[in-house]
Structures are given as structure tokens and as C-alpha cells.
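# Summary of structural features
Chain residues, written in single-letter form:
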Amino acid sequence: MRTRPIALLLTFGLLLAGPVQTVNAGPASHTVTIDGTQYAPQELTIKAGDTVVWVNQDPFPHTVTARTGGFDSKSIAAGKSWKYKATKRGNFPYVCSFHPTMKGTLRVQ
Ligand SMILES: [Cu+2]
């Protein structure tokens, strides 16, 4: 069966219209996975008011601790997560206080 040109046009039109509708969406939620003693993504840029959830997929605890203050998850147990709503703008390098080689950066615009 052949696809009619009008159907293609409609499909393409919907694809184009999709992202436009999300432009004025409210605060977004982002996820950082902790796996293999690493944050992924290591650097994340978000907007003030957005929420970030760090999900610890390792079989041992980690923290998400801003090096110059701002936020500190304290211990996130294996399989658990920690949610943070970022209201203050700036660059926030963070580490895991249990594993100082673990580094990440949260940029809040
Ligand atoms: Cu850790």
C-alpha cells in the first residue's frame, strides 16, 4: 500500500508542531544516574526552578555535595534517589563525599 502525500504531510507537520508546544512548559525534571562510581551526565545545565533527581544505581551509598555549599544530599542509599529543586542560579561543582574522585557540575541558568 502506498502512503498518500497528504498523510506524509500531516505526519511531518505533527513532528514539527510537537516541540513548539513544549516551549512554554513549566519547570522541567532532569535525571542524573549514579553508576560505576560516576555521575551521568557529569555536567548538566538546567533552568532555575527545574528539578534534578540523582538516582543511585550502585550497590553502595553516594552523596551529591556542592563543593562551595548550596546543596548536600547526605547519604543516598543503594537503589535510592535524591531530588533537588534548583532555585539559585550559578555553577555548582559537586562531589561525592565518600568518593572524592566522583565529580559533577550543575549549571543553573
Ligand atoms: Cu560515592
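Residue positions within a chain follow its written sequence, with the count starting from 1. For this predicted model, a pLDDT threshold of at least 70 governs which residues receive local features, and a threshold of 80 or more governs which side-chain atom pairs are given and counted, while totals over whole chains, interfaces and linings are taken from all residues. Side-chain numbers come from the whole structure's heavy atoms, not from hydrogens or water.

### As for the overall build of the protein
Starting at the N terminus, helices and strands are each numbered in turn, a helix being any DSSP run of H or I of at least four residues and a strand any DSSP run of E of at least two. Scanning the protein from terminus to terminus reveals 1 helix and 8 strands. Along the chain direction, N to C, the helices and strands of the protein fall in the order α-β-β-β-β-β-β-β-β. Buried residues are those whose accessible area, probed at 1.4 Å on protein chains only, stays under 20% of the maximum for their type, while exposed residues exceed 50% and partly exposed ones sit between those limits. Per-residue burial for the protein yields a buried fraction of 31% across its 109 residues. Pairs at least 24 apart in sequence give 49% of the contacts found in the protein among residues at least 6 apart. Calculation of accessible area relied on Shrake-Rupley with a 1.4 Å probe; when residues are assessed, cover is drawn exclusively from the protein chains displayed. Only carbon and sulfur atoms are counted for the fraction: they give 57% of the accessible area of the protein, which is about 7,400 Å². Any two residues whose heavy atoms approach within 4.5 Å are treated as being in contact.

### Concerning the coordination of the copper ion
Looking at the copper ion, one finds its protein donor set to be H62 (ND1), C96 (SG) and H99 (ND1), positioned 1.9 to 2.1 Å from the metal centre. Metal coordination here is assigned from N, O and S atoms located within 2.8 Å of the ion, or within 3.2 Å for Na, K and Ca; omission of water means that sites may look incomplete. Read N to C, the donor residues that coordinate the copper ion are spaced as H-x33-C-x2-H. Placement of the pair is H62 in the loop between β4 (51–56) and β5 (65–66) and C96 in the loop between β7 (90–95) and β8 (103–108), with a sequence separation of 34 residues. With relative accessibility at 0%, the residue H62 sits in the buried group. Relative accessible area serves as the criterion here: at 1%, C96 is assigned to the buried category.

### Quick look at the sheet that holds strand β1 (residues 29–34)
Pairing between two strands requires that DSSP report at least two bridges joining them. Taken in spatial order, the 4 strands line up as β2-β1-β4-β6 in an open sheet, and their pairing is mixed. Looking at which strands have only one partner, the edges of the open sheet turn out to be β2 (39–40) and β6 (81–85). Bridge analysis of β1 against β4 gives 6 bridges, and the strand direction is parallel. By the bridge assignment for β4, T33 is matched with V55.

### Here we look at the nonpolar core
With 20 residues, the main nonpolar core has Y39, W54, V64, F71, Y94 and L106 as its most contacted residues. When contributions to this core are tallied by element, the ones reaching two or more residues are β1, β3 (43–46), β4, β6, β7 and β8. What Y39 contacts, discounting residues up to four positions off in sequence, is V32, T33, I34, W54, T63, V64, Y94, V95, C96, M102, K103 and G104. What is meant by a nonpolar core is a set of buried Ala, Val, Leu, Ile, Met, Phe, Trp, Tyr and Cys residues, joined one to another through side-chain atoms within 4.5 Å.

### Side note on the confidence of the model for the protein
The predictor attaches a confidence to each residue, called pLDDT, with possible values from 0 through 100. For the protein, per-residue confidence averages 87 on the pLDDT scale, and 78% of positions sit at 70 or higher. Taken together, the stretch residues 8–16 has pLDDT below 50 and engages in 1 contact with residues farther than four places along the chain or on a different chain.

### What about unusual backbone geometry?
The omega angle of the peptide bond from A40 to P41 is 0°, so this bond is cis rather than trans. Relative to the assigned elements, P41 resides in the loop between β2 and β3. One non-glycine residue, T37, lies in positive phi territory at about 60°. One can find T37 in the loop between β1 and β2. A positive phi angle, near 60°, is found at K74, a position not held by glycine. Secondary-structure assignment places K74 in the loop between β5 and β6.

### A look at the packing of aromatic side chains
Pairs were defined over the aromatic rings of Phe, Tyr and Trp, the Trp ring being its six-membered one, requiring ring centres within 6.5 Å. Orientation was assigned from the angle between planes: stacked under 30 degrees, edge-to-face over 60, tilted for the rest. What the rule picks out here adds up to 9 aromatic pairs. Relative to Y94, the ring of W54 lies with its centre 5.5 Å away and its plane at 85°, an arrangement referred to as edge-to-face. With a gap of 40 residues between them, W54 in strand β4 and Y94 in strand β7 connect regions that are remote in the sequence. Comparing W54 with Y94 shows no difference in burial state: the two are buried.

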